[in-house]
There are 2 protein chains.
Amino acid sequence: MSRFRLRFEKIKDKYDCIVVGAGPAGLTAALYLARFNIDTVIVSKDIGGKMAVAPLVDDYPGISEVPGVKLVELFTNHVKKYGVPMIIGEAVVDVVKEGDMWCIETEGGRKLCAYAVILAIGVEKRKLGVPGEDKFIGRGVSYCAVCDGMFFKDKVVAVVGGGDSAFSSALYLSTIARKVYLIHRREIFKAMPYYIEKAKKNPKIEIITNTVITEILGDKKVSKIKVKNTITKEEKILDVDGVFIEIGSEPPKQFLKSIGLELDENGYIAVNPDMSTNLPGIFACGDIAGGRYKYRFEQIITAAAEGAIAAKSVYEYIIKVKQSENNSLK
Amino acid sequence: MSRFRLRFEKIKDKYDCIVVGAGPAGLTAALYLARFNIDTVIVSKDIGGKMAVAPLVDDYPGISEVPGVKLVELFTNHVKKYGVPMIIGEAVVDVVKEGDMWCIETEGGRKLCAYAVILAIGVEKRKLGVPGEDKFIGRGVSYCAVCDGMFFKDKVVAVVGGGDSAFSSALYLSTIARKVYLIHRREIFKAMPYYIEKAKKNPKIEIITNTVITEILGDKKVSKIKVKNTITKEEKILDVDGVFIEIGSEPPKQFLKSIGLELDENGYIAVNPDMSTNLPGIFACGDIAGGRYKYRFEQIITAAAEGAIAAKSVYEYIIKVKQSENNSLK
């Protein structure tokens with residue numbers, strides 16, 4: 001059960017809307033729901049999402065060079081001002097329909113029901129799973145070139161991956177860093193051809209194929225990586241100041257499918273432009289939301305905007321639901 | 001010519017990207033373009049867009065209760081930090097294709113060219129055009145219930161209009177204000193039936209049809225409106241503390257069509273999820289952007305997010321364009 005739950009907070013078992021997740025999408029959804037006078041509760045396993053682990057954020061307009069944890073605090077205080085209760089420290093493990101309500105259950109066994117649920121649970125970036133990776137997160141290891149690239153001016157960095165994000169990150173980093181290794185475990189890339197061609201021509205980018213990172217080394221910050229050729233089995237050490245891991249994300253497909261949600265080909269929830277899903281009453285926003293109407297650009301500002309849109313849609317949805325309830329009671 | 005142009009700013013005649021407009025969408029686009037190392041200039045008739053006239057903003061997550069002008073300053077300083085030149089005070093009057101570049105011309109006769117242009121010019125809210133309207137903007141007259149509704153707790157307000165925005169505003173305001181007049185010049189409403197039904201049942205909402213406001217009165221703030229029945233010609237005075245004008249927006253259709261842009265049925269630029277338009281190299285974001293992929297919710301946070309997405313798309317676009325240029329030079 002939650003160590004973090006706000007004290008003295010009276011938690012009811014029924015709300016108009018439950019927001020699952022407390023990253024920029026979930027917190028903004030809650031802020032807007034409160035402004036729409038929708039009776040709302042936030043339930044989340046943690047607070048801030050990926051924003052909380054960003055060493056320094058400089059791409060949230062209007063707030064210059066702010067540590068991620070500080071930005072989380074600013075968002076959270078903004079929501080708290082509107083009196084939205086938050087249950088933090090409890091992951092949601094089940095979402096089921098009961099009558100005209102959606103009910104969630106947390107790992108702690110708590111059950112809450114509401115007319116609408118906003119899923120803003122984010123996605124975990126896929127990790128390499130090598131020694132040193134966790135230790136150096138925010139100290140040389142990053143999962144977002146656009147967010148953290150600026151810290152590597154005239155330095156040497158490695159990008160791991162073979163898809164669009166890896167190439168896009170390598171190209172972007174080549175405009176900042178002195179040298180960029182692009183390390184891919186296979187010979188063939190999934191990235192778009194124009195990315196590959198562009199990277200191959202870029203004198204700052206050295207592409208290393210059939211190679212994996214086996215360890216990330218350093219003292220206080222990353223200084224080296226150990227790499228291994230998967231064919232020759234040859235190992236060597238490269239001096240780098242940063243490692244950008246771009247090998248995709250892991251949406252919790254089984255959990256989402258068990259709710260009955262329609263997913264896109266990458267396993268993200270397929271949302272309409274208004275953040276509604278195939279299930280009336282379930283909305284999604286932020287990194288977990290996908291589908292053909294969404295151009296994927298995982299930023300704090302885009303997640304927050306989707307949260308605002310989801311809140312507006314919930315507001316519209318609840319007006320309708322309550323009206324038809326009133327009608328059926330007549 | 002501009003009185004506001006930053007001094008000592010050396011303006012070139014060719015950039016990689018020109019951002020037209022300096023509201024939240026344009027400023028965020030410029031911030032992200034600068035972070036992508038895209039050589040960018042902002043050209044705008046004013047700075048801040050509608051954000052600049054908001055008395056107090058409390059729906060931009062992380063920045064609580066901030067005057068609109070202050071938020072404009074925070075956004076602007078954030079962009080300036082990245083050294084993006086700004087030409088403020090010059091409206092763009094023409095956008096034409098010249099070779100592989102798009103060139104803009106300002107009312108002052110300045111001409112600038114770039115591979116990509118982001119149109120973030122906003123839209124003017126349609127005005128009633130009655131005495132007192134301009135005088136009381138921000139002092140009782142508002143064009144955004146979600147933004148300014150909070151100032152009217154337990155007060156009496158009037159909403160003008162007969163469409164979804166008018167009804168949605170009236171319903172929202174009924175949760176805050178003591179009484180809401182919904183004033184519409186016709187007998188029939190364009191709004192969705194469930195909105196109309198909901199408003200008719202709401203004891204706080206009084207619907208007044210076939211009626212127009214002829215004058216907004218007050219001393220320092222709005223205190224009364226003069227209304228006139230369009231059939232009986234009868235005039236009367238209503239005591240109100242606020243007037244919310246929700247009679248639509250005026251996108252500059254002729255200007256947009258003259259560029260060759262595809263518009264949606266309301267006259268907004270039809271954008272794809274990545275904010276590209278039917279014209280390669282022209283992108284749009286913020287209130288001027290529309291089309292079937294976009295759920296319209298005109299907020300600072302949503303405009304800013306669209307700006308970030310447009311910048312990402314311009315970055316991808318410019319990589320491609322420069323690459324094909326290099327290829328054709330071979």
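Residues numbered from 1 in each chain as written. Chains lettered and ligands numbered in written order. Predicted model: local features only at pLDDT ≥ 70, side-chain atom pairs only at ≥ 80, totals over all residues. Heavy atoms only, no water.

K.L.:
How would you summarise the pattern of salt bridges if you had to cite specific residues and measurements?
P.N.:
Under the defined criterion, the tally for this structure stands at 42 salt bridges over all chains. Of the charged contacts in the structure, one is a salt bridge between Glu65(A) and Lys81(B), with a shortest N-O distance of 2.9 Å. Remark: Lys81(B) occurs in helix α2 (residues 68-81) and Glu65(A) occurs in the loop between β2 (40-44) and α2 (68-81); the pair is interchain, linking two chains. On the accessibility criterion, Glu65(A) (46% relative accessible area) is partly exposed. (Salt bridge = Lys/Arg side-chain N within 4 Å of Asp/Glu carboxyl O. Helix = DSSP H or I, 4+ residues; strand = E, 2+ residues; numbered from the N terminus. Buried < 20%, exposed > 50% of the residue type's maximum accessible area, 1.4 Å probe, protein only.)

K.L.:
If you had to explain the domain arrangement of chain A to someone new, which residues and values would you point to?
P.N.:
Residues and elements named next belong to chain A. Under the domain assignment used here, chain A contains domain 1 (14-123 + 251-329) and domain 2 (141-245). A separation of 34 Å is found between the C-alpha centroids of domain 1 and domain 2. Between domain 1 and domain 2, the residue contacts involve 5 residues of the former and 5 residues of the latter. Carbon and sulfur atoms supply 62% of the area that domain 1 and domain 2 bury against each other, a total of about 350 Å² over both sides. At the boundary of domain 1 and domain 2, one finds 0 salt bridges. Connecting domain 1 to domain 2 are 0 residue pairs in polar contact (both at pLDDT 80 or more). (Domains from an automatic or database assignment. Contact = heavy atoms within 4.5 Å. Buried area = accessible area lost by both parts, 1.4 Å probe. Polar contact = N/O pair within 3.5 Å; in protein donor to acceptor, adjacent residues only side chain to side chain.)

K.L.:
Got a sec to walk through unusual backbone geometry? Specific residues and values, please.
P.N.:
The phi dihedral of Met275(A) falls on the positive side, at around 75°, and the residue is not glycine. Relative to the helices and strands, Met275(A) is located in the loop between β17 (269-270) and β18 (282-284). One non-glycine residue with positive phi stands out, namely Glu65(B), at about 45°.

K.L.:
Explain the confidence of the model for chain A to me, and be specific about the residues and the numbers.
P.N.:
Residues and elements named next belong to chain A. Confidence in the prediction for chain A averages 93 pLDDT; 96% of positions are at 70 or higher. Throughout residues 1-8 the model reports pLDDT below 50, and contacts reaching past four residues in sequence, or to other chains, amount to 15 contacts. Reported for the predicted complex are a pTM of 0.88 and an ipTM of 0.88. (pLDDT = per-residue confidence, 0-100.)

K.L.:
Any chance you could break down the packing of aromatic side chains for me, citing the residues and the numbers?
P.N.:
Overall, the coordinates contain 19 aromatic pairs over all chains when judged by the stated rule. Judged by centre distance (6.3 Å) and plane angle (25°), the ring pair of Phe36(A) and Phe297(B) falls under stacked. Residue Phe36(A) is located in the loop between α1 (24-35) and β2, and its partner Phe297(B) is located in the loop between β19 (289-290) and α7 (300-329); the two belong to separate chains. In this structure Phe36(A) comes out as buried when scored by relative accessible area, which is 3%. Arranged with centres 4.9 Å apart and planes meeting at 85°, the rings of Phe167(B) and Phe189(B) form a pair that is edge-to-face. Residue Phe167(B) is found in helix α4 (residues 164-174), and its partner Phe189(B) is found in the loop between β10 (179-183) and α5 (193-201); the two are separated by 22 residues along the sequence. Here Phe167(B) matches Phe189(B) in class, with each residue buried. (Phe/Tyr/Trp six-rings, centres within 6.5 Å; stacked < 30°, edge-to-face > 60°.)

K.L.:
Give a detailed account of the state of the cysteines, specifying residues and quantitative values.
P.N.:
Considering all chains together, one arrives at 4 disulfides over all chains under this definition. Between the sulfur atoms of Cys103(A) and its disulfide mate Cys113(A) the distance is 2.1 Å. Between Cys103(A) and Cys113(A) the disulfide shows an S-S torsion of about 110°. By sign, it is right-handed. In this pair, Cys103(A) sits in strand β5 (residues 101-106) while Cys113(A) sits in strand β6 (residues 111-119), placing the two residues 10 residues apart along the sequence. When sorted by exposure, Cys103(A) lands in the same class as Cys113(A), which is buried. Disulfide pairing is shown between Cys144(B) and Cys147(B); the S-S distance is 2.1 Å. What sets the handedness of the Cys144(B) and Cys147(B) disulfide is the S-S torsion sign, and at about 65° it is right-handed. (Disulfide = S-S within 2.5 Å.)

K.L.:
Pulling in residues and values, what's your account of the interface of chain A and chain B?
P.N.:
Between chain A and chain B, the contact holds 55 residues from the first and 55 residues from the second. On inspection of chain A and its partner chain B, the count reaches 6 salt bridges. In this structure, Lys81(B) and Asp58(A) form a salt bridge, with 2.6 Å as the shortest nitrogen-oxygen distance. At the surface where chain A touches chain B, the tally comes to 31 residue pairs in polar contact (both at pLDDT 80 or more). Among the elements of the structure, α1, α2, α3 (145-148), α4 (164-174), α5 (193-201) and α7 (300-329) of chain A are those that each provide at least two residues to the side of chain A that touches chain B. For the side of chain A that touches chain B, the leading source of residues is α7(A), giving 14 residues. Here the residues of the side of chain A that touches chain B are counted per class, giving 28 nonpolar, 12 polar and 15 charged. (Nonpolar A, V, L, I, M, F, W, Y, C, P; charged D, E, K, R; others polar.)

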